[in-house]
Amino acid sequence: MNRLNLDQLSTFKDVIELGSFSAAADRLNLSQPAVSLQIRQLEARLGTALIERIGRKAQPTAAGAELLAHAARIDAAVSAALDAVTAYRGDAQARLRLGTGETACIFLLPPILKDLRRRFPQLEIIVTTGNTDDILPAVEDNRLDIGFVTMPAAGRALETTPVMDDEFVIVAPPAMELPKRLTPEALGKLPVMLFEPAGNTRRLVDEWFARSNAVLRPVMSLGSVEALKEFVDAGLGCAILPRMALGDSITHKTLIAHKPFAIRSLSPALYRKLAIIVRRDKPLHRGLKQLIAALKALK
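Going along each chain's sequence as written, the residues are numbered from 1 onward. Side-chain atom pairs in this predicted model are given and counted only at pLDDT of 80 or more, local residue features only at pLDDT of at least 70, and totals for whole chains, interfaces and linings cover all residues. Hydrogens and waters are ignored; side-chain quantities use all the structure's heavy atoms.

## Regarding the overall build of the protein chain
Here is step 1: Helix and strand content of the protein chain: 12 helices and 11 strands.
Here is step 2: The size measure is the radius of gyration over C-alpha atoms, and the globule rule it meets is 2.2 Å times the number of residues to the 0.38 power. For 299 residues, the compact-globule estimate of 2.2 N^0.38 gives 19 Å, and the protein chain exceeds it by more than 25% at 24 Å.
Here is step 3: Referenced to the eigenvectors of the C-alpha coordinate spread, the extents of the protein chain come out at roughly 80 × 50 × 30 Å.
Here is step 4: Considering only residue pairs separated by 6 or more positions, the protein chain has 75% of its internal contacts joining residues 24 or more positions apart.
Here is step 5: Of the roughly 15,600 Å² of accessible surface on the protein chain, a fraction of 53% belongs to carbon and sulfur atoms.
Here is step 6: Residues scored as charged are limited to Lys and Arg (positive) and Asp and Glu (negative), so that His and the chain ends carry no count. In plain terms, the charge of a residue is placed at NZ if it is Lys, CZ if Arg, CG if Asp and CD if Glu. Side-chain charges of the protein chain comprise 39 positive and 32 negative groups, with the mean position of each set lying 3 Å from the other. Where helices and strands are cited, they refer to DSSP runs of H or I of at least four residues and of E of at least two residues respectively, numbered from the N terminus. Two residues form a contact once any of their heavy atoms are found within 4.5 Å. Only the protein chains shown count as cover for residues, and all accessible areas are computed by the Shrake-Rupley method using a 1.4 Å probe.

In structure tokens form, the structure reads like this:
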């Protein structure tokens with residue numbers, strides 16, 4: 001009886017998904033000849049061609065498409081088996097690599113990760129901060145296990161789960177006179193500081209101004225929410241920040257709760273949506289499942 005080699009099957013899926021033997025080799029950190037050999041061995045075992053080249057793109061044959069239809073169920077069965085075995089051992093060798101933005105890392109994740117550490121004391125937790133555009137490819141390439149990012153966030157191999165809305169607000173020093181309605185046009189006349197242009201958070205704010213045909217020339221763009229708050233504190237201008245950044249953790253009470261800063265909603269209101277991203281074929285160990293459940297419980 002023929003038996004499938006799971007490594008060969010996984011390589012076959014990557015070649016079809018990426019449309020290229022060389023791209024699959026890069027993802028798997030293998031040489032292209034090694035990838036080609038695995039495909040030839042799989043085809044020899046099954047006795048039929050599985051991949052054909054259409055132009056420069058690798059596509060499944062009829063037999064390959066049939067195998068691909070079964071691959072997801074095979075992956076699910078293997079993941080379930082691995083998860084069942086994991087339940088009988090400790091998480092001493094388990095690792096969780098999370099990618100997220102700076103704001104969520106500072107103001108949202110500490111209690112969640114504290115609880116995760118309590119439940120799984122041997123779990124190695126690695127947190128990387130960055131923009132959505134940096135985290136998406138890292139999750140797709142399996143350099144990160146999970147991302148918690150600002151939408152939009154999509155990829156062919158990714159499952160995206162929207163979790164919560166986070167409102168943008170104006171934070172201004174007490175001496176600054178703010179208009180009654182903080183419209184794009186009104187803010188265009190004020191010294192406004194924004195996040196750096198690289199990420200989705202800044203793009204959402206730029207699009208909010210663009211929808212009203214308003215022109216904003218920020219007096220400063222910074223990559224750190226903490227730096228923006230300090231500059232507001234110094235009276236250099238007002239800042240558009242996610243409301244999450246005004247959390248009341250002990251280290252941030254001084255700046256927000258103990259100073260008469262103006263904190264106002266925009267008009268019209270503006271929100272960003274935060275989402276969980278994981279690979280669809282990602283095996284989920286217990287620690288990762290617990291983190292996903294905790295993030296999904298956020299409102």
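On we go.
## As for the pairing of strand 1 (residues 51-54)
Here is step 1: For two strands to be treated as a pair, DSSP must find at least two bridges joining them. Pairing of strand 1 with strand 2 (residues 57-60) involves four bridges; the strand directions are antiparallel. Bridging from a neighbouring strand, Ile51 pairs with Pro60 of strand 2.
Here is step 2: Linkage of strand 1 to strand 2, two consecutive antiparallel strands, is achieved through a turn of two residues, within which Gly55 is found at a positive phi near 70°.

## Overview of the packing of aromatic side chains
Each pair of aromatic rings is reported with the distance of its centres and the angle of its planes.
Here is step 1: Any Phe, Tyr or Trp ring, taking Trp's six-membered ring, that has another such ring centre within 6.5 Å forms a pair; planes under 30 degrees apart are called stacked, those over 60 apart edge-to-face, and the others tilted. The final tally for this structure, using the stated rule, is one aromatic pair.
Here is step 2: Ring geometry for Trp208 and Phe209: centres 5.0 Å apart, planes at 85°, overall edge-to-face. We note that Trp208, like Phe209, is buried. Residue exposure (1.4 Å probe, protein chains only): buried if accessible area is under 20% of the type maximum, exposed if over 50%, otherwise partly exposed.

## Re helix 2 (residues 21-28)
Here is step 1: Along helix 2, the positions that sit buried rather than exposed are Phe21, Ala24, Ala25 and Arg27. In an axial view of helix 2, the angular spread of the buried residues amounts to 160°, which keeps them on one side of the axis.
Here is step 2: Where helix 2 is buried, its residues touch helix 1 (6-18), helix 3 (32-46), strand 1, strand 2, helix 7 (132-140) and strand 11 (271-279).
Here is step 3: Note on helix 2: the residue one or two positions beyond its end, Asn29, has a positive phi of about 60°. Taking the helix axis as origin, the arc is that swept by the directions to the C-beta atoms.

## Things to note about the packing of helix 2 against helix 3
Here is step 1: Two elements in contact, helix 2 and helix 3, have axes separated by 8 Å at closest approach and are oriented at 105°. In terms of orientation, helix 2 and helix 3 fall into the roughly perpendicular class. Contacts between helix 2 and helix 3 involve Phe21, Ser22, Ala24 and Ala25 from the former and Gln32, Val35, Ser36 and Ile39 from the latter. Lines are fitted to the C-alpha atoms to define the axes, a helix being fitted only along its stretch in contact, and any angle between axes, read from their N-to-C directions, falls within 0 to 180 degrees. Roughly parallel means an angle under 35 degrees; roughly antiparallel means over 145; roughly perpendicular covers 65 to 115; every other angle is labelled oblique.

## Topic: the confidence of the model for the protein chain
Here is step 1: The pLDDT value expresses, per residue, how confident the predictor is, ranging between 0 and 100. With 91% of its residues at a pLDDT of 70 or more, the protein chain shows a mean pLDDT of 87.
Here is step 2: Segment residues 249-258: pLDDT under 50, and 16 contacts once partners within four positions in sequence are set aside and those in other chains are kept.

## Notes on the pattern of salt bridges
Close approach of charged atoms allows side chains of opposite charge to pair.
Here is step 1: By definition, a salt bridge exists where a carboxyl oxygen of Asp or Glu is found within 4 Å of a side-chain nitrogen of Lys or Arg. In total, this model carries 15 salt bridges according to the counting rule given.
Here is step 2: Between Arg143 and Asp141 there is a salt bridge, with the nearest N and O atoms lying 3.5 Å from each other.
Here is step 3: For Arg143, a relative accessible area of 47% puts it in the partly exposed group.
Here is step 4: For Asp141, a relative accessible area of 37% translates into the label partly exposed.
Here is step 5: Linking Lys273 and Asp165 is a salt bridge whose minimum nitrogen-to-oxygen distance equals 2.8 Å. Here Lys273, found in strand 11, pairs with Asp165, found in strand 6 (residues 158-172); they are 108 residues apart in sequence, far enough to count as distant.
Here is step 6: A relative accessible area of 35% places Lys273 in the partly exposed class.
Here is step 7: Given the relative accessible area of 45%, Asp165 is considered partly exposed.

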